[in-house]
Each structure stands twice: as structure tokens, then as C-alpha cells.
Amino acid sequence: MSESQLWDAVDDYFTAHLTPDDETLQAAVRDSEAADLPPAAVTAPQGKLLHLLALTQGARNILEIGTLGGYSTIWLARALPADGRLISLEYSPKHAEVATRNIARAGLDKVVEIRVGRALESLPNLADENPAPFDLVFIDADKVNNPHYVEWALKLTSAGSLIIVDNVVRGGRVADATSAAPDVQGTRAAIELIGSHPRLSGTAIQTVGSKGYDGFALARVLA
Ligand SMILES: C[S@@+](CC[C@H](N)C(=O)[O-])C[C@H]1O[C@@H](n2cnc3c(N)ncnc32)[C@H](O)[C@@H]1O
Ligand SMILES: [Mg+2]
């Protein structure tokens, strides 16, 4: 068995026992595939982790940057109370359209709002609305802008909020200080910002699974 077959088998085992069949989420995956969206959504165990983190936060307001087909959005929004709110920022109108259908099928259209456009343009507009602080921010869009997204997350949260940055390993290239790749440079800048910012306490974890070798960073906003 190859390494990746082993990771698949273990993820299948965890999924079968910890995130059992869910027709709504499976339909979201199916429809995203049928619409040719890139296979870049979190896995079921990762989605469940997002869900549990949102519950642990007692989250009432969640911000997501990078919706794709709404798979992670559904996991996160399911942790919200009926009067909670999730705003998800997505550049691609096509992705947003698929996500809108998936979110409606999940019965979450009353709590989820997708805003279409470049996140760096949507974020100042969002800040102008003076929203209640977001209890959790999930950053999962264009990796080159990760440090800007962490800065915006800091502006839009308060003490105790949780910021999650997805896909921070970049196949291991994150450790390469000489890399000129924009995704690596953006991710390194975000990690170094989290490490040096006086109002953030963070860590990053490497993972393996059915979507390969990857990882995520977690940061708590301090007072
Ligand atoms: C990795 S996918 C998101 C996956 C999703 N969070 C999930 O796990 O189900 C990244 C998404 O970010 C979007 N994106 C890329 N650049 C963006 C930008 N500048 N502003 C907003 N969204 C962007 C892409 O179109 C894509 O849908
Ligand atoms: Mg991701």
C-alpha cells in the first residue's frame, strides 16, 4: 500500500465512524464536481474539525474567505444558532452560484450570506458596516493574500476570537525561505505575522489525509 493509499484508508475509516453519511454534504460534493469546481474543499474530517471549533467558540458570527462550493461553509454554519450569521467571500460568480444552491439545500440560506468579489475589496466594505466581531474567521482563498486576510481578520474580531488559515504547508515549500512562489511567500508572511503579532497566539499543524499532505494554522486573538 502506498503512503497516499494508507492516508485514504485511514480517512475513510475516520469518516465512516466520526462523520457518517450525510446526504446534504455528499450532494454538495457531487454538485461541485459536476460543475467542474476544483477539488479544493476541506475533507469531511477537516470539515468536522471546523464545525467543532465553531461550537467550542460558541460562535454566533463567522467570516469565511474562500467559499468554493460551500462545503466548509455548511460545516461551519451548522454550528451556528438560528439567529447566527456566516458571511463568506468568494471571487468567482460561478463558485458562488454552486455554493448558493448547496447552502439552500442544506437549509442554511437564512444564516449564510455569500458576497461575490475580490475579498480585499469586500473586506473594507464589510468593515464599513461595523459588524459585530466575528468569533471565528476561516481563511481559505488565494494564498498570496494570506497576510492581508490575517490583518483584516484582526480588525474584524475581538479578544477570544479564533482565526484559522488553511493549507499552510504548500507541499512543504513553506519552509523554503528562498521560494519566490507567491503562495509560499504569502503563507510565510501570514505565519510570521501570527508569530510576531502582540494580539495573536498561534500554532500550525501539518496533516495528511485523503487530500494529501497539508496543514493549517490556528490563532487566538488576545486582549
Ligand atoms: C480552496 S477554495 C475554498 C474551499 C472552501 N473553503 C472549502 O473548503 O470548501 C478557494 C476559493 O477562494 C476563491 N478565491 C480565490 N481568490 C479569491 C479572492 N481574491 N477573493 C475571494 N475569493 C477568492 C476561489 O475562487 C475558490 O473558490
Ligand atoms: Mg483549504
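Please read all numbers here as calculations on a predicted model, not as lab measurements.

### Some remarks on the overall build of the protein
Along the backbone of the protein there are eight helices and seven strands. A compact globule built from 223 residues would reach a C-alpha radius of gyration of about 17 Å, and the protein, at 17 Å, matches this within 12%. If you line up the protein on its principal axes, its C-alpha atoms span 45 × 45 × 30 Å. Of the contacts formed within the protein by residues at least 6 apart in sequence, a portion of 72% connects residues at least 24 apart. Carbon and sulfur atoms provide 54% of the accessible area of the protein, an area that totals close to 10800 Å². If the 19 positive side-chain charges of the protein are averaged to one point and the 28 negative ones to another, these points end up 4 Å apart.

### A closer look at helix H6 (residues 119-128)
Along an α-helix, a turn takes 3.6 residues, which lines up residues three or four apart on a common side. For H6, the complete set of buried residues consists of Ala-119, Ser-122, Leu-123 and Leu-126. Each buried residue of H6 sits inside an arc of 105° when the element is viewed along its axis, so together they form one side. For H6, exposure combined with an orientation more than 90 degrees from the buried face picks out Glu-121 and Asp-128. In this fold, the buried residues of H6 make contact with strand S1 (61-65), strand S2 (85-90), strand S3 (112-116), strand S4 (134-139) and helix H7 (146-155). Of the residues trailing H6, Asn-130 is marked for its positive phi of about 50°.

### Some points on the coordination of the magnesium ion (ligand 2)
Coordination of the magnesium ion (ligand 2) by the protein involves Asp-140 (OD), Asp-140 (OD), Asp-166 (OD) and Asn-167 (OD1), with metal-donor separations of 2.1 to 2.7 Å. In primary sequence terms, the donor set of the magnesium ion (ligand 2) follows D-x25-D-N. Note that Asp-140 is positioned in the loop between S4 and H7 and Asn-167 in the loop between strand S5 (157-166) and helix H8 (182-196), a separation of 27 residues in sequence. Looking at Asp-140, the relative accessible area reads 14%, which means it is buried.

### A look at unusual backbone geometry
Unusually for a residue other than glycine, Asp-36 sits at a positive phi of about 65°. The class of Asp-36 is exposed, set by a relative accessible area of 63%. Even without a glycine there, the phi angle at Asn-130 is positive, about 50°. Looking at where Asn-130 falls in the secondary structure, it is placed in the loop between H6 and S4.

### Some remarks on the site of ligand 1
Not every one of the 21 residues close to ligand 1 is listed here, only the nearest: Gly-66, Ser-72, Glu-90, His-95 and Asp-140. Here a nitrogen atom of ligand 1 and a backbone polar atom of Tyr-91 are 3.1 Å apart. Asp-142 is positioned with one of its side-chain polar atoms (N or O) 3.3 Å from a nitrogen atom of ligand 1. Computed on the free molecule, ligand 1 has an accessible area of 610 Å², of which 88% lies beneath the protein chains in the complex. Of the residues belonging to the shell around ligand 1, the class tally is 11 nonpolar, five polar and five charged.

### Considerations on the sheet that holds S3
Read from one edge to the other, the open sheet built from seven strands follows the order S3-S2-S1-S4-S5-S7-S6, with strand pairing classed as mixed. At either end of the open sheet lies a strand with only one pairing partner, and these are S3 and strand S6 (200-209). Sheet twist, expressed as the mean angle between neighbouring strand axes with direction ignored, is 15°. Contacts from helix H1 (residues 3-18) reach S6 and strand S7 (212-221), with the element oriented near 110° to S6. In the packing of helix H5 (residues 93-105) onto the sheet, contacts are made with S2 and S3, and the angle to S3 comes to roughly 170°.

### As for the nonpolar core
Counting residues in each nonpolar core, the largest one holds 28 residues, and the members touching the most others are Ile-62, Leu-76, Val-112 and Leu-136. Of all the secondary-structure elements, those providing two or more residues to this core are helix H2 (23-34), helix H3 (44-57), helix H4 (71-77), H5, S3, S4 and S5. Per-element tally for this core: the top contributor is H4, with five residues. Setting aside its immediate chain neighbours within four residues, Ile-62 contacts Ala-54, Leu-76, Leu-80, Arg-85, Leu-86, Ile-87, Phe-134 and Leu-136. In this structure, Ile-65, Leu-89, Leu-126 and Leu-154 belong to the second largest nonpolar core, which totals 26 residues.

### A short note on the pattern of salt bridges
Summed over all chains, the structure comprises 12 salt bridges. Here Asp-83 makes a salt bridge to Arg-60, at a shortest N to O gap of 2.7 Å. Highlighted residues: Asp-83 in the loop between H4 and S2 and Arg-60 in the loop between H3 and S1, separated in sequence by 23 residues. Glu-113 is the salt-bridge partner of Arg-85, the closest N and O atoms lying 3.8 Å from each other. Here Arg-85, found in strand S2, pairs with Glu-113, found in strand S3; they are 28 residues apart in sequence, far enough to count as distant. Judged by its relative accessible area of 30%, Glu-113 is partly exposed. Put simply, Arg-85, Glu-113, Arg-115 and Glu-129 are held in one network by salt bridges that share partners.

What counts, and where the lines are drawn
Residues numbered from 1 in each chain as written. Chains lettered and ligands numbered in written order. Predicted model: local features only at pLDDT ≥ 70, side-chain atom pairs only at ≥ 80, totals over all residues. Heavy atoms only, no water. Helix = DSSP H or I, 4+ residues; strand = E, 2+ residues; numbered from the N terminus. Rg over C-alpha atoms; globule rule 2.2 N^0.38 Å. Contact = heavy atoms within 4.5 Å. Areas by Shrake-Rupley, 256 points an atom, 1.4 Å probe, with all protein chains shown as cover. Lys, Arg positive; Asp, Glu negative; His and termini not counted. Charge placed at Lys NZ, Arg CZ, Asp CG, Glu CD. Buried < 20%, exposed > 50% of the residue type's maximum accessible area, 1.4 Å probe, protein only. Arc of directions from axis to C-beta. Donors = N, O, S within 2.8 Å, 3.2 Å for Na, K, Ca; no water. Near = heavy atom within 4 Å. Polar contact = N/O pair within 3.5 Å; in protein donor to acceptor, adjacent residues only side chain to side chain. Nonpolar A, V, L, I, M, F, W, Y, C, P; charged D, E, K, R; others polar. Pairing = 2+ DSSP bridges. Axes fitted to C-alpha atoms, helices over the stretch in contact; angles between N-to-C directions. Core = buried A, V, L, I, M, F, W, Y, C linked by side-chain atoms within 4.5 Å. Salt bridge = Lys/Arg side-chain N within 4 Å of Asp/Glu carboxyl O.

Geometric values such as these leave the question of function open.
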